[in-house]
Amino acid sequence: MSVFVLDTNKKPQNPVHPAKARLLLTEGKAAVFRQFPFTIILKETVLDVASNPLRIKIDPGSRDTGIAVINDDTGEIVFAMELRHRGQQIKNNLESRRAIRRSRRNRKTRYRKPRFDNRTRAEGWLPPSLKSRIHNIETWVNRLCRFCNIQAISMELVRFDMQKIQNPEISGVAYQQGELMGYEVREYLLEKWDRTCAYCGKTDIPLEIEHIVPRSKGGSNRVSNLTLACTACNRKKGNKPLEQFLSRKPRLLKRIQKQSKMPLKDAGAVNATRWDLFRTLKKTGLPVEIGSGGLTKFNRTTRGLHKTHWLDAACVGKSTPEKMFQIDKTVLIVKADGHGSRQMCRVNKFGFPRTTAKSTEKKVKGFQTGEIVKAVVTSGKKVGTYIGRVAVRKSGSFNIKTVDKTVQGISWKYCRLLHASDGYSYNTTC
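All values reported here derive from a predicted model rather than from experimental measurement.

Cut-offs and rules
- Residues numbered from 1 in each chain as written.
- Predicted model: local features only at pLDDT ≥ 70, side-chain atom pairs only at ≥ 80, totals over all residues.
- Heavy atoms only, no water.
- Helix = DSSP H or I, 4+ residues; strand = E, 2+ residues; numbered from the N terminus.
- Buried < 20%, exposed > 50% of the residue type's maximum accessible area, 1.4 Å probe, protein only.
- Contact = heavy atoms within 4.5 Å.
- Areas by Shrake-Rupley, 256 points an atom, 1.4 Å probe, with all protein chains shown as cover.
- pLDDT = per-residue confidence, 0-100.
- Axes fitted to C-alpha atoms, helices over the stretch in contact; angles between N-to-C directions.
- Parallel < 35°, antiparallel > 145°, perpendicular 65-115°, else oblique.
- Left-handed = near helix turned anticlockwise from the far one by under 90°.
- Nonpolar A, V, L, I, M, F, W, Y, C, P; charged D, E, K, R; others polar.
- Pairing = 2+ DSSP bridges.
- Core = buried A, V, L, I, M, F, W, Y, C linked by side-chain atoms within 4.5 Å.
- Salt bridge = Lys/Arg side-chain N within 4 Å of Asp/Glu carboxyl O.
- Expected span 1.5 Å × (residues − 1).
- Arc of directions from axis to C-beta.

Visitor: When you look at the overall build of the protein in this model, what are you seeing that I'm missing?
Guide: Looking only at helices and strands, the protein features 12 helices and 19 strands. Overall size of the protein, expressed as C-alpha extent along the three principal axes, is 75 × 70 × 50 Å. Residues classed as buried in the protein amount to 43% of the 430 residues present. Contacts in the protein between residues far apart in sequence, at least 24 positions, make up 62% of those at least 6 positions apart. With the model as given, the accessible surface of the protein reaches about 25300 Å², and the carbon-plus-sulfur share is 50%.

Right, here's the structure in full:
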């Protein structure tokens, strides 16, 4: 990953290679400004050098969002990250809170008239589980704009065009006969059937579009009649009716029939937030380019790139360079963890308190839960070096959650702060 550089006035400069950043830090010409994403700040004033304009590209998803920063002129992928949302966790927490409150109301105040029927929602209201996705992307767009010279934004506005799937001639026959033919429908089916063969369950193999009711038996080309199958299963089924082909597998038959009519929950979440996200990005004042999922896949396929969230982001829109380099690079994995709970005490499954009220003091010995620390333990049973998120205790004995485990009982004296708590946890992958 390239290293972001700020001058003495915190104005973004051209990102540099990690070796150049290491040299500047060793010579004392720069200092670490931020760990994630790694950013340095120069100690000496430099001449005004025009920084290269960069474009931030976003592939929004229900669970994961890919973000890439690209130089359109050179095709260099300057920075790549994958942002993991916590929408499902928020939904589960709200449902749990609702159940506990309703149970308490039935036990104690059932004589009161209900007031929740009087609530109104503003126009354009989104549930918190969906709104959090927009806030996460907005946060990271604003951060990257502070660390590098972002001059444009590209985002995938739709994963697939529902109208063109249901009625291919809605915008003319020319669209169906163009180079994007088939990409929209295939992207929809890959999302709906989880990129697996519907009959044998194999993954990571070439998949073919298969008609559930064969065309020779009166089947149509509507997406509700389409599924994905590997070559062997597709040939084995031939033009047999589904009920005949799976006569000995009633469970699989029932699952396929149910899934063919099932709506896409994740796709629905993306479609529900796409325009709100677009309006949020427009507020930055930067030009926003939009593209479809079919175009993203076309760009990725023609350039011979493999399937990842951040490479999908790099291929969003018509501005995608014909040649991109630094494809195999370190990717920053960012997970939204929130800023803790405002619950004063934990409750059991019946809604009764099971712990004492938590302290109002967030910091213990100068550390706060959620911060990323480095602990170098030199004595005792837990000798070693640990880097991860810290959970503080009033006693001064902390827990550190590393990439693969949680280490308990680390004294605060061994800890050194690396990154302040900002609601996210970080990891890197190649």
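Next comes the rest of the description.
Visitor: When you look at the confidence of the model for the protein in this model, what are you seeing that I'm missing?
Guide: Any region with low pLDDT has predicted coordinates that should not be read closely. Taken as a whole, the protein shows an average pLDDT of 85; of its residues, 92% reach a score of 70 or greater. The element-level mean pLDDT for the protein is lowest in helix H5 (residues 173-176), coming to 42, with strand E4 (residues 54-59) highest at 95.

Visitor: Help me understand the environment of Lys10, please; the structure alone is not making it clear to me.
Guide: Summarising the element assignment, Lys10 is placed in the loop between strand E1 (4-6) and helix H1 (18-26). Take Lys10: its relative accessible area is 51%, and that puts it in the exposed class. In this structure, the C-alpha to C-alpha distance between Lys10 and Val213, residues 203 residues apart in sequence, is 62 Å. Once residues lying within four places of it in the same chain are set aside, the contact partners of Lys10 are Phe33 and Ile41.

Visitor: Explain the packing of helix H2 (residues 87-108) against helix H3 (residues 128-147) here, please?
Guide: Packed helix pairs are characterised by how far apart their axes lie and by the angle those axes make with each other. Two numbers describe how H2 lies on H3: the axes approach to 8 Å, and their chain directions differ by 150°. Our classification of the angle between H2 and H3 gives roughly antiparallel. Pair H2 / H3 crosses with right-handed handedness. Here H2 contributes Gly87, Ile90, Lys91 and Leu94 to the contact with H3, which in turn contributes Pro128, Ser129, Ser132 and Arg133. Among the residues forming the contact of H2 with H3, the class breakdown is three nonpolar, three polar and two charged.

Visitor: How do you make sense of the sheet that holds strand E14 (residues 372-377) when you look at a structure like this?
Guide: Either a parallel or an antiparallel arrangement is found when strands of a sheet pair, and the pairing is made through backbone hydrogen bonds. Ordered in space as E17-E16-E15-E14-E18, the five strands form an open sheet in which the pairing is antiparallel. Whereas interior strands pair on both sides, the edge strands pair on one side only; in this sheet they are strand E17 (406-411) and strand E18 (415-419). Taken over all neighbouring pairs, the strand axes of this sheet differ in orientation by 45° on average, direction set aside. Here strand E15 (residues 384-391) runs beside strand E16 (residues 397-401); their pairing, made up of three bridges, is antiparallel. In the strand pairing of E16, Val390 is matched with Ile400.

Visitor: I tried to follow the nonpolar core on my own but got confused; where do I start?
Guide: In this structure, Ile56 and Val69 are the most contacted members of the largest nonpolar core, which totals 39 residues. If you tally residues by element for this core, the top one is H3, at seven residues. Ile56 has contacts with Ile67, Ala68, Val69, Val141, Leu144, Ile150, Ala152, Ile153 and Ser154, leaving out every residue within four places of it along the chain. Counting residues in hydrophobic clusters, the runner-up holds 21 residues, among them Trp193, Val223, Leu226 and Phe245.

Visitor: How should the pattern of salt bridges be read in this particular structure?
Guide: Proximity of charged atoms lets side chains of opposite charge pair with each other. On inspection of all chains with the given rule, the structure shows 14 salt bridges. Glu289 is the salt-bridge partner of Arg55, the closest N and O atoms lying 3.6 Å from each other. Linking Arg55 in strand E4 with Glu289 in strand E10 (residues 288-292), this pair joins segments that are 234 residues apart in sequence. For the pair formed by Arg55 and Glu289, the shared burial category is buried. Across the pair Asp422 and Arg143 runs a salt bridge, and its minimum N-O distance is 3.2 Å. In this pair, Asp422 is assigned in the loop between E18 and strand E19 (424-429) and Arg143 in helix H3, connecting sequence segments 279 residues apart. For Arg143, a relative accessible area of 9% corresponds to the buried category.

Visitor: Is there a simple way to explain the sheet that holds strand E2 (residues 30-34) in this structure?
Guide: The sheet built from three strands is open, its strands ordered E1-E3-E2 with mixed pairing. The sheet terminates laterally at E1 and E2, the two strands that pair on one side only. Each adjacent strand pair in this sheet contributes to an overall mean axis angle of 35°, direction not counted.

Visitor: So what exactly am I meant to see when it comes to H2 here?
Guide: Side chains three or four residues apart in an α-helix point the same way, a direct result of the helix having 3.6 residues per turn. Along its 22 residues, H2 runs 32 Å from first to last C-alpha, staying within 8% of the 32 Å computed at 1.5 Å per residue. The set of residues buried in H2 consists of Gly87, Ile90 and Ile100. Here the buried residues of H2 occupy an arc of 155° about the axis, which is enough to place them on one side. Buried-residue contacts for H2 involve H3.

Visitor: Please clarify how unusual backbone geometry should be interpreted in this entry.
Guide: Apart from glycine, the bulk of residues carry a negative phi angle, and the bulk of peptide bonds sit in the trans form. Cis geometry is adopted by the peptide bond preceding Pro37, which originates at Phe36 and carries an omega value of -15°. Tracing the chain through its elements places Pro37 in the loop between E2 and strand E3 (39-42). Positive phi outside glycine occurs at Asp204, with the angle close to 55°. When you line up the elements, Asp204 lands in the loop between helix H6 (183-192) and strand E8 (207-211). On the accessibility criterion, Asp204 (79% relative accessible area) is exposed. The phi dihedral of Lys365 is positive, around 55°, even though this residue is not glycine.

Visitor: Would you mind going over the packing of H3 against helix H10 (residues 265-282) with me for this structure?
Guide: Where H3 contacts H10, the axes come no closer than 10 Å and their chain directions differ by 35°. Classified by chirality, the crossing of H10 by H3 is right-handed. Residues Leu130, Lys131, Arg133, Ile134, Ile137, Glu138 and Val141 of H3 touch H10, and the partners they reach there are Ala269, Ala272, Thr273, Asp276, Leu277, Thr280 and Leu281. Across the contact of H3 with H10, the residue classes tally to eight nonpolar, two polar and four charged.

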